[in-house]
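For reference, the chains in residue letters:
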Amino acid sequence: VALLDIDYHHGNGTQDIFYNSDQVLFISIHADPNRAYPFYCGYPEEQGAGAGCGFNHNFPLPPRVDDALYLQVLDKALEIVQNFAPDYLVVSAGVDIYVEDPLGDFNFSLEGFITIGRQLSALDLPTLLVQEGGYNAQQIGQAILNLLDSFRHENTA
């Protein structure tokens, strides 16, 4: 199983659970913990321990990350997923990376979620998307719909 956390905040609980495991790949793309909660973990040098060494990947990002930079980092993360060759993908699908989210400071657009969905769908893996963060009540639904749209089209083609 590969776990990909795209939420604005680092997936500290998930990292803690699988930090010593080589059975689950964990990747988190999130705000830099030097400036955003949780401040105590999510650094690039946290790569797992014991059997899990090399199976934990953190991609902390600076403020005002736009679609282009975020998607470039996502490409790196998905390359790691493909090299791991999991049977299943679980996505912690927080949409608080959206530019108008009151708890984040990224400049990620609603259209960017369409691209994320396409990239995840293109992996052609059984995928579970777990909706997590997202605090802009007016746009959270659209962000999730944009993320899911590629999966809907893949299943009807």
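Scroll up to find the structure.
Remember, predicted model here, so these are calculated numbers, not experimental data.

Colleague: Describe the sheet that holds strand β3 (residues 56-61), naming the residues involved and giving the relevant values.
Modeller: Strand order in the open sheet formed by 5 strands is β3-β2-β1-β4-β5, with parallel pairing between adjacent strands. Edge positions in the sheet fall to β3 and β5 (127-131), since each of these pairs with one other strand and no more. The average angle at which neighbouring strand axes cross in this sheet is 10 degrees, direction not considered. Alignment of strand β4 (residues 89-93) against β5, held across 5 bridges, turns out to be parallel. When the sheet's bridge partners are listed, Ala93 is paired in β5 with Gln131. Packed on one face of the sheet, helix α2 (residues 67-84) meets β1 (2-5), β2 (25-31) and β3 and runs near 175 degrees to β2.

Colleague: If you had to explain the packing of aromatic side chains to someone new, which residues and values would you point to?
Modeller: Applying the stated criterion across every chain yields a total of 7 aromatic pairs. Ring centres of Tyr37 and Tyr40 lie 6.5 Å apart, and the angle between their planes is 80 degrees; on these two criteria the pair is classed as edge-to-face. Tyr40 gets classed as exposed once you look at its relative accessible area, which sits at 53%. Between Phe108 and Phe113 the ring centres are 5.1 Å apart and the planes differ by 80 degrees, which places this aromatic pair in the edge-to-face class. Using a relative accessible area of 0% as the deciding quantity, one classes Phe108 as buried. For Phe113, a relative accessible area of 0% puts it in the buried group. An aromatic cluster is present here, built from Tyr8, Tyr70, Phe106, Phe108 and Phe113 joined pairwise through their rings.

Colleague: Give a detailed account of the pairing of β1, specifying residues and quantitative values.
Modeller: The side-chain alternation of β1 yields two buried faces, one formed by Ala2 and Leu4 and the other by Leu3 and Asp5. Bridge count for β1 against β2 is 4 bridges, and the pairing is parallel. Bridge pairing links Asp5 to Ser28 in β2. On the question of chirality, the crossover connecting β1 to the parallel β2 by way of helix α1 (residues 12-18) is right-handed. Where β1 meets β4, 4 bridges bridge the pair, whose relative direction is parallel. Paired with Asp5 across the two strands is Ser92, which belongs to β4.

Colleague: Account for the nonpolar core, naming residues and giving values.
Modeller: In terms of nonpolar packing, the biggest core is built from 36 residues, with Leu4, Ile29, Tyr70, Phe113, Ile116 and Leu120 touching the most fellow members. Elements represented by at least two residues in this core include exactly β1, β2, β3, α2, β4, α3 (110-122) and α4 (140-156). Looking at this core element by element, the count peaks at 7 residues for α2. If we skip the residues at most four places from it in the chain, Ile116 touches Ile6, Tyr70, Leu71, Leu74, Ile97, Phe108 and Leu147.

Colleague: How would you sum up empty space enclosed by the protein? Please name residues and give values.
Modeller: By the definition in use, this model includes 1 cavity of 30 Å³ or more. In this structure, the largest cavity occupies an estimated 40 Å³ of space. Looking at the lining of the largest cavity residue by residue, the classes come out as 5 nonpolar, 3 polar and 1 charged.

Colleague: Residues and numbers for the pattern of salt bridges, please.
Modeller: If the charged atoms of two oppositely charged side chains come close together, the side chains can form a pair. Across all of its chains, the model carries 1 salt bridge by this definition. Arg35 serves as the salt-bridge partner of Asp105, at 2.6 Å between the closest nitrogen and oxygen. Taken together, the residues span a long stretch of sequence, with Asp105 in the loop between β4 and α3 and Arg35 in the loop between β2 and β3 at a distance of 70 residues. Overall, Asp105 belongs to the partly exposed group, its relative accessible area being 26%. For Arg35, a relative accessible area of 30% corresponds to the partly exposed category.

Parameters and conventions
- Starting afresh in each chain, residues are numbered from 1 along the sequence in its written order.
- Whole-chain, interface and lining totals are the exception, using all residues; otherwise, since this is a predicted model, local features are given only for residues with pLDDT of at least 70 and side-chain atom pairs are given and counted only at 80 or more.
- Excluding hydrogens and water, the side-chain figures rest on all heavy atoms present in the structure.
- Should DSSP find at least two bridges between two strands, the strands are taken to pair.
- Here a strand is any run of E in DSSP of at least two residues, a helix any run of H or I of at least four, and the numbering for each starts at the N terminus.
- Axes, fitted as lines to C-alpha atoms, cover a helix only where it is in contact. Angles between the N-to-C directions of the axes lie from 0 to 180 degrees.
- Working rule for contacts: check all heavy atoms of both residues, and any pair within 4.5 Å makes them a contact.
- Aromatic pairing here means that ring centres of Phe, Tyr or Trp (its six-membered ring) are within 6.5 Å. Orientation follows from the plane angle: under 30 degrees is stacked, over 60 is edge-to-face, and everything else is tilted.
- The buried label applies to any residue whose accessible area, calculated with a 1.4 Å probe on protein chains only, is under 20% of its type's maximum; exposed applies above 50%, and partly exposed to all values in between.
- We call a crossover right-handed when, viewed with both strands directed away from the observer, the connection leading from the first strand over the helix to the second proceeds clockwise.
- Buried Ala, Val, Leu, Ile, Met, Phe, Trp, Tyr and Cys residues that are joined via side-chain atoms within 4.5 Å together make up what is termed a nonpolar core.
- Using protein atoms alone on a 1 Å grid, points that fit a 1.4 Å probe yet trap it form a cavity, whereas open point sets bounded by protein on both sides within 12 Å along at least five of seven lines form a pocket; residues with an atom within 4 Å of a point count as lining.
- Grid points are joined across faces, edges and corners, and a volume is the space filled by probe spheres set on the points.
- Residues are grouped as follows: nonpolar covers Ala, Val, Leu, Ile, Met, Phe, Trp, Tyr, Cys and Pro; charged covers Asp, Glu, Lys and Arg; every other residue, Gly included, is treated as polar.
- One side-chain nitrogen of Lys or Arg within 4 Å of one carboxyl oxygen of Asp or Glu is enough to make a salt bridge.

What is shown is where atoms sit, not what they do.
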